[in-house]
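Below, each chain spelled out in residue letters.
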Amino acid sequence: MELRQLKYFMEVARVEHMTKASENLHVAQSAVSRQITKLEEELGIPLFDRIGRNMQLTSVGQDFLNQAAIALNELQKAEALVTEYTDPTKGTVRVGLPNSLSTKVLPSVISSFREKHPQITYQFMEGTNEELTEMLITGVLDLTFLSPVPESSDQLEAVRFFDEKLKLIVPKTHPLADNFNVSLKELANEKFVLYPEDFDLYKIVTDAAIKKGFKPEIAFQSRDFYTIQGLVGAGLGISILPEMILDGAIFKETKSIALRDKELRRSVGIITTKKRNLSPSENLFRSFIISFFSN
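Below is a summary of the structure that appears in this document. Note that the structure is a prediction, hence the values are computed from the model and not measured. (Residues numbered from 1 in each chain as written. Predicted model: local features only at pLDDT ≥ 70, side-chain atom pairs only at ≥ 80, totals over all residues. Heavy atoms only, no water.)

### A word on the pattern of salt bridges
Within the structure shown, the criterion is met by 11 salt bridges. When the shortest N-O distance is used, the salt bridge between Arg266 and Glu164 registers 2.9 Å. Here the residue Arg266 occupies a position in strand β12 (residues 265-273), and Glu164 occupies one in strand β6 (residues 156-171), the gap between them amounting to 102 residues. Each member of the pair Arg266 and Glu164 is classed as buried. A salt bridge links Glu263 to Lys212; the nearest nitrogen and oxygen atoms lie 3.5 Å apart. Of this pair, Glu263 sits in the loop between β11 (254-259) and β12 while Lys212 is found in the loop between α7 (200-211) and β9 (217-221), placing the two residues 51 residues apart along the sequence. Judged by its relative accessible area of 29%, Lys212 falls in the partly exposed class. (Salt bridge = Lys/Arg side-chain N within 4 Å of Asp/Glu carboxyl O. Helix = DSSP H or I, 4+ residues; strand = E, 2+ residues; numbered from the N terminus. Buried < 20%, exposed > 50% of the residue type's maximum accessible area, 1.4 Å probe, protein only.)

### Some thoughts on the packing of aromatic side chains
Counted according to the given criterion, the structure contains 13 aromatic pairs. Between Phe162 and Phe293, the ring centres sit 5.8 Å apart and the planes meet at 40 degrees, which makes this aromatic pair tilted. Of this pair, Phe162 sits in strand β6 while Phe293 is found in helix α10 (residues 280-294), placing the two residues 131 residues apart along the sequence. Phe162 gets classed as partly exposed once you look at its relative accessible area, which sits at 24%. Three or more aromatic residues joined by ring pairs form one cluster here, namely Phe113, Tyr122, Phe124, Phe161, Phe162, Phe285, Phe288, Phe292 and Phe293. (Phe/Tyr/Trp six-rings, centres within 6.5 Å; stacked < 30°, edge-to-face > 60°.)

### Examining the nonpolar core
With 33 residues, the main nonpolar core has Leu168, Leu184, Leu187, Tyr195, Ile240 and Leu264 as its most contacted residues. Within the residue set of this core, elements represented by two or more residues are β6, β8 (191-194), α7, α8 (225-233), β10 (239-242), α9 (243-246) and β11. The element contributing the most residues to this core is α7, with six residues. Here Leu264 is in contact with Lys165, Leu166, Leu184, Ile204, Val205, Ala208, Ile240 and Leu259, once residues within four sequence places are set aside. One finds Val105, Tyr122, Leu143 and Phe145 within the second-largest nonpolar core, a separate group that totals 21 residues. (Core = buried A, V, L, I, M, F, W, Y, C linked by side-chain atoms within 4.5 Å. Contact = heavy atoms within 4.5 Å.)

Set out below in structure tokens:
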């Protein structure tokens, strides 16, 4: 099995078409086809179902793709690691970020870090806490911000930076719009616009409501903060969102109100995996982040 075969295989799997893959790889289609065939012969099992000109992974092919991606990723990291040891200020850091932190946390951190290490580059990926943790464990990410932050475990090293309050947002015409603060119990008969169920923010809000004696009526759900605000501004419900992303980003059709319930808050921090060591540039970035929030 050759590295070239794995690269060809992964590109064909990505685009599901031999011709498109060969064009993307800048290699003759016959060469790509030949290497895929050799790989299948070596493994003794088809990796693709040929459907006309399209190539669809078999179930075994999908399993092989998952492992091949991990293997190639580790090889690329090994190559980068050797380069970084000669100059740790020229590496690449792959950072994960929950959608609800992308507007405030990362820009200020990166801006400060680039002043000291302008040649380090970044790859950013967004997702839910579950998605980002999985990407970290499989080696797709080097470190990731999370909120809320889990406890450290055998696999993960967690660093907690701060706790952030959640705030209520309502249409500006809502009866509660002029209140200085509100309790969650007062919202029992409201319709909510929240993130999807797999977001930790959804769980924080719904769990707190259930403890107060009611189950929130969910009118709409969205992964996008601006969509949620737009729906609230249109009078389609209320929402509870992190204070940080609301700061300076309140739509004119909405108003934000403090919540009296102390449990409506979340922790913010980062996690790294204990399964492998960070490269020099990754260590630089991690140390800088910890110092940044300590100050």
